[in-house]
Amino acid sequence: MDNLIAVSGLLGGIIISVIVYFITRKAGAKRRWFDERQKQVSSLAHAASWNITFAVLLIAWAVVILVEGISFSFFLMTALYAAHCMGFLFTSIYYSRDH
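These figures come from a predicted structure and were not determined experimentally.

Novice: Tell me about the overall build of the protein chain, and name the residues and values.
Specialist: Along the backbone of the protein chain there are 3 helices and 0 strands. Of the regular secondary structure in the protein chain, the N- to C-terminal order runs α-α-α. Computed over C-alpha atoms, the radius of gyration of the protein chain comes to 18 Å, more than 25% over the 13 Å expected from 2.2 N^0.38 for 99 residues, which places it beyond the range of a compact globule. Residue burial in the protein chain is summarised as follows: out of 99 residues, 7% are buried. Looking at the protein chain as shown, the accessible area adds up to about 8,400 Å², and 71% of this sits on carbon and sulfur atoms. Averaging the coordinates of the 8 positive side-chain charges in the protein chain and doing the same for the 5 negative ones gives two points 17 Å apart.

This is how it looks when you write it as structure tokens:
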């Protein structure tokens, strides 16, 4: 039962985030919030958060190994780390061809 409540909370949070995103985009388009400066700031923020996420994943991976050893958590962290790196690789290839 606790898992069902947790998953429903996660889905509720996702739905609320999507609704807020679209409301913000609509209001921002009317007020011209999304100019070149905002795009540059957003791009730099995404790059910095990507690097921070990379470091956090490495630290969490080490903690999982030290605390739990080789278990499901280790393989889950490995999959997240691999997906993170592959996403970076594929987006780098895509954007290097585009520009």
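Novice: Talk me through the confidence of the model for the protein chain; I want residue IDs and the actual numbers.
Specialist: For the protein chain, per-residue confidence averages 86 on the pLDDT scale, and 98% of positions sit at 70 or higher. Ranking the elements of the protein chain by mean pLDDT puts helix 3 (residues 72–98) last with 85 and helix 1 (residues 2–31) first with 88.

Novice: Talk me through a nonpolar patch on the surface; I want residue IDs and the actual numbers.
Specialist: Side chains of V7, L10, L11, I14, V18, Y21 and F22 sit close together on the surface and give an oily, nonpolar patch of about 700 Å² of accessible area. Positionally, V18 belongs in helix 1.

Novice: Which residues make up the packing of aromatic side chains, and what values go with them?
Specialist: In total, this model carries 7 aromatic pairs according to the counting rule given. Among the aromatic residues, those joined into a ring-pair cluster are F54, W61, F74, F75 and Y81.

Novice: Report on the environment of Y81, specifying residues and quantitative values.
Specialist: Turning to its location among the elements, Y81 is positioned in helix 3. When neighbours within four sequence positions are excluded, Y81 is seen to be in contact with F54, L57, L58 and W61.

Novice: Just give me the short version of helix 2 (residues 36–68), but keep the residues and values in it.
Specialist: The α-helix winds at 3.6 residues per turn, so residues separated by three or four positions along the chain end up facing the same way. Taking 1.5 Å per residue, 33 residues should reach 48 Å; helix 2 reaches 47 Å between its end C-alpha atoms and fits that length. At the C-terminal side of helix 2, G69 shows a positive phi close to 75°.

Novice: I'd like a rundown of the side chain of H84, residues and numbers included.
Specialist: With respect to the helices and strands, H84 occurs in helix 3. Relative accessible area serves as the criterion here: at 9%, H84 is assigned to the buried category.

What counts, and where the lines are drawn
- Residues numbered from 1 in each chain as written.
- Predicted model: local features only at pLDDT ≥ 70, side-chain atom pairs only at ≥ 80, totals over all residues.
- Heavy atoms only, no water.
- Helix = DSSP H or I, 4+ residues; strand = E, 2+ residues; numbered from the N terminus.
- Rg over C-alpha atoms; globule rule 2.2 N^0.38 Å.
- Buried < 20%, exposed > 50% of the residue type's maximum accessible area, 1.4 Å probe, protein only.
- Areas by Shrake-Rupley, 256 points an atom, 1.4 Å probe, with all protein chains shown as cover.
- Lys, Arg positive; Asp, Glu negative; His and termini not counted.
- Charge placed at Lys NZ, Arg CZ, Asp CG, Glu CD.
- pLDDT = per-residue confidence, 0-100.
- Patch = residues over 30% accessible without salt bridge, like charges linked within 9 Å, V, L, I, M, F, W, Y side chains within 5 Å.
- Salt bridge = Lys/Arg side-chain N within 4 Å of Asp/Glu carboxyl O.
- Phe/Tyr/Trp six-rings, centres within 6.5 Å; stacked < 30°, edge-to-face > 60°.
- Contact = heavy atoms within 4.5 Å.
- Expected span 1.5 Å × (residues − 1).

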